[in-house]
Amino acid sequence: MSSVKELHRVTCKLRELITNATSKNEREKVISDISSLIEQRGPLLEGLPSSFEGEDRELMEQIILWDKETKPKLEEIFSEIKGDIRNLQRSKQSNKKYTNPYNQVSVSDGMFLDKKK
């Protein structure tokens, strides 16, 4: 199988996976599948010839079109993950403040400082 056809196949799988990835329950599996497909695409992209003819040219045009569709969706998934991580960190901080509210209080009342030498 030519590298362009293989790249087309992998890109098609990646596109299908990204367009159908809406559930937060299966997020870990979807992320691992996306990363494995991206890892498969890397060497295929590097090994592409500089010019294409016939069917390979049509496949490459479709691959480029799909790339333009999938990049915003990947960025959206990435921003959702970042937001979830940020919310998790906030909830951890608020939980720590609730369990030990006097941890960060620095009071200097009752302290005597001698300024004479």
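Residues numbered from 1 in each chain as written. Predicted model: local features only at pLDDT ≥ 70, side-chain atom pairs only at ≥ 80, totals over all residues. Heavy atoms only, no water.

(A) The arrangement of the nonpolar core in detail. Membership of the largest hydrophobic core comes to 15 residues, with the highest contact counts inside it found for Val-4, Leu-7, Ile-34, Leu-48 and Met-60. For this core, the elements supplying multiple residues, two or more each, are α1 (3-20), α2 (27-46) and α3 (55-99). The biggest single contributor to this core is α1, with 5 residues. Not counting residues within four places of it along the chain, the set of residues in contact with Leu-7 comprises Arg-41, Leu-44, Leu-45, Leu-48, Met-60 and Ile-63. (Core = buried A, V, L, I, M, F, W, Y, C linked by side-chain atoms within 4.5 Å. Buried < 20%, exposed > 50% of the residue type's maximum accessible area, 1.4 Å probe, protein only. Helix = DSSP H or I, 4+ residues; strand = E, 2+ residues; numbered from the N terminus. Contact = heavy atoms within 4.5 Å.)

(B) Structural context of the pattern of salt bridges. Per the counting criterion, the structure on display carries 5 salt bridges. Among the ionic pairs, Glu-69 bridges to Arg-15, the shortest N-O distance being 3.0 Å. With Glu-69 in helix α3 and Arg-15 in helix α1, this residue pair connects regions lying 54 residues apart in the sequence. By relative accessible area, which is 33% here, Glu-69 ends up partly exposed. One salt bridge in this structure joins Asp-67 and Arg-41, with 3.1 Å as the shortest N-O distance. Remark: Arg-41 occurs in helix α2 and Asp-67 occurs in helix α3; sequence separation between them is 26 residues. Residue class for Arg-41 comes out buried when judged on its relative accessible area of 9%. (Salt bridge = Lys/Arg side-chain N within 4 Å of Asp/Glu carboxyl O.)

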